[in-house]
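# Reading the structure
Listed here are the chains, written in short residue letters.
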Amino acid sequence: MNGQTASLLTFFVLSSLPGAMLVYTAYSPTTGYSFVVFEDSVDDTDSWFEARAKCRVHSQYADLAEISASDFTIVQDLLSNSQASSSSYWIGIYDHLSEMNFKSLYTGADITFANWDNDRPKNDMNKNCGSWDTSNSYWKDEACTGKKRGVLCRMLTPIPSSNIDPNTGCPPTMVPFDDVCYDFRVLMTGNFSSARQACETLPGRMIIPESQSEADFVDLYTILTGKATFWLGITDEEEDNDLRSIYGPNLSFEKWHPSGSGVVASETDCAYIDTSSGYWLTDHCDEPKGVMCSFVPPLLQEETTVAQSITSTSETTQDAFTIVASTDHDVTSPTSSEAQGPYCKPVERKASTVMSLPGHTRERSHRHAWQRSADESLHRASPVCEASVSGR
Ligand SMILES: [Ca+2]
Ligand SMILES: [Ca+2]
């Protein structure tokens, strides 16, 4: 054990968990992540999906570890110096969505660092989950269930606000889609009311896909949870056979099972997604099913529908601005013709869904963003970058 690494290792008893579980952590000052393993083989699991859930029990922002080049030695030392003695550990990389294309659980992007064993990864659709072999620190792609392995988690404690992705506004462990963050509460299986409570505590809401592309996104990512069914925020508890959103507005998109059977029945009042078919069905509200929530990114909550302007004066620190306007408003490009072009560059224009809290009202809007050029000579030529919003 080298002295520098030893000082980063901490060992403590997490007495709030059953059996006073021993937990070993190592902190990486470079990346700000803590890596966590559990005592010996007490928490070994034969399911990569259950391993994800075990990480979430430790911290709601923990998940199976993704290991960068700068954290590699820290993890290696944690595994060799702690009393965690499993020969193999589940890690947070997978190729379920695209064979041989291992991705990060945190960003959905391709991993940028790997330490594969010689003949790995294999081109094998039955081996889609990453593992770390403690005998040589090599990684292997393995079947996601069937053999017990230790659980290697990664987390941020505390979560610094700067870690929220500036492009998506999503906190760690949430996945962005159409300006909303999805949180797959992979540890949770619950009845309809406990699912609703879990989501609204975030604060977020139960999911109700509003388009085919959103439904496809949900289908894709549920693969990573190992669960077959997820509750939707839809019920006919108030009036039988009248399935409605629990958040008020009529459903703008529906994907009920075409057979009709199992959709509208007097005894089943709560809707869910069957991930094997992608269709929606209903079941008894007390049945246990997976919990998935959507969450409004903090950045979007702070945006306003009021036009702003930025100038090139030396006092100005703002170098970009965004306008979100509801679909019945027009947003004009920077009003000065000089301002368009290299000085005031449009960087984004897209339709988005904005959900305001509390009350969970949701509206379609369009989002526009401009960025001021870093070239100061352009600032002098075109002093103002501004846009305007007008009602229709
Ligand atoms: Ca594979
Ligand atoms: Ca019913």
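Parameters and conventions
- Residues numbered from 1 in each chain as written.
- Chains lettered and ligands numbered in written order.
- Predicted model: local features only at pLDDT ≥ 70, side-chain atom pairs only at ≥ 80, totals over all residues.
- Helix = DSSP H or I, 4+ residues; strand = E, 2+ residues; numbered from the N terminus.
- Buried ≥ 20, exposed ≤ 12 C-beta atoms within 10 Å, placed from the backbone.
- Contact = placed C-beta atoms within 7 Å.
- Pairing = 2+ DSSP bridges.
- Core = buried A, V, L, I, M, F, W, Y, C linked by C-beta atoms within 7 Å.

With an unreviewed UniProt entry as reference, the protein is termed Macrophage mannose receptor 1-like, source organism Acanthaster planci.

### Digging into the overall build of the protein
When its secondary structure is counted, the protein shows seven helices and 25 strands. Taking all 392 residues of the protein together, 35% fall into the buried category. At a minimum sequence separation of 6, the contacts of the protein that also span at least 24 residues come to 67%.

### Here we look at the pairing of strand 14 (residues 229-235)
Every other side chain in a regular strand lies on the same face of the sheet, so the side chains alternate between the two faces. With six of its seven residues buried, strand 14 lies for the most part within the structure. Note: strand 14 against strand 16 (residues 270-274), four bridges, orientation antiparallel. Considered in strand 16, the bridge of threonine 229 is made with aspartate 274. With two bridges connecting them, strand 14 and strand 15 (residues 244-245) associate as antiparallel partners. By the bridge assignment, threonine 235 is partnered in strand 15 with arginine 244.

### With respect to the environment of tryptophan 90
Checked against the element boundaries, tryptophan 90 lands in strand 6 (residues 88-94). On a C-alpha basis, the gap between tryptophan 90 and leucine 152 in space is 6.1 Å, while along the polypeptide they are 62 residues apart. When residues no more than four places from it in sequence are discounted, the contact partners of tryptophan 90 are Trp48, Ala51, Leu64, Cys129, Ser131, Arg149, Val151 and Leu152.

### Observations regarding unusual backbone geometry
Across the junction of arginine 120 and proline 121, the peptide omega takes the value -10 degrees, indicating a cis bond. Looking at where proline 121 falls in the secondary structure, it is placed in the loop between strand 7 (103-104) and strand 8 (129-133). Positive phi outside glycine occurs at serine 137, with the angle close to 65 degrees. Relative to the helices and strands, serine 137 resides in the loop between strand 8 and strand 9 (139-142). In this model, asparagine 241 sits at a positive phi of 70 degrees, which is unusual for a non-glycine residue.

### Brief notes about the nonpolar core
Counting residues in each nonpolar core, the largest one holds 35 residues, and the members touching the most others are Phe35, Leu64, Trp90, Ile91, Val151, Leu152 and Cys153. Among the elements of the structure, strand 3 (34-38), helix 2 (48-58), helix 3 (72-81), strand 6, strand 8 and strand 10 (145-155) are those that each provide at least two residues to this core. Per element, the largest residue contribution to this core is five residues, and it comes from strand 6. Beyond its immediate stretch of four places on either side in the chain, leucine 152 contacts Phe35, Val37, Leu64, Ala65, Tyr89, Trp90, Ile91 and Trp132. If you look at the next biggest cluster of nonpolar residues, it comprises 31 residues, including Phe184, Ala195, Leu232 and Ile234.

### Some thoughts on helix 2
Since the α-helix turns once every 3.6 residues, residues separated by three or four places project in the same direction. By the criterion of burial, helix 2 is predominantly enclosed, with eight of the eleven residues buried. Within helix 2 the residues assigned to the buried category are Trp48, Ala51, Arg52, Ala53, Lys54, Cys55, Arg56 and His58.

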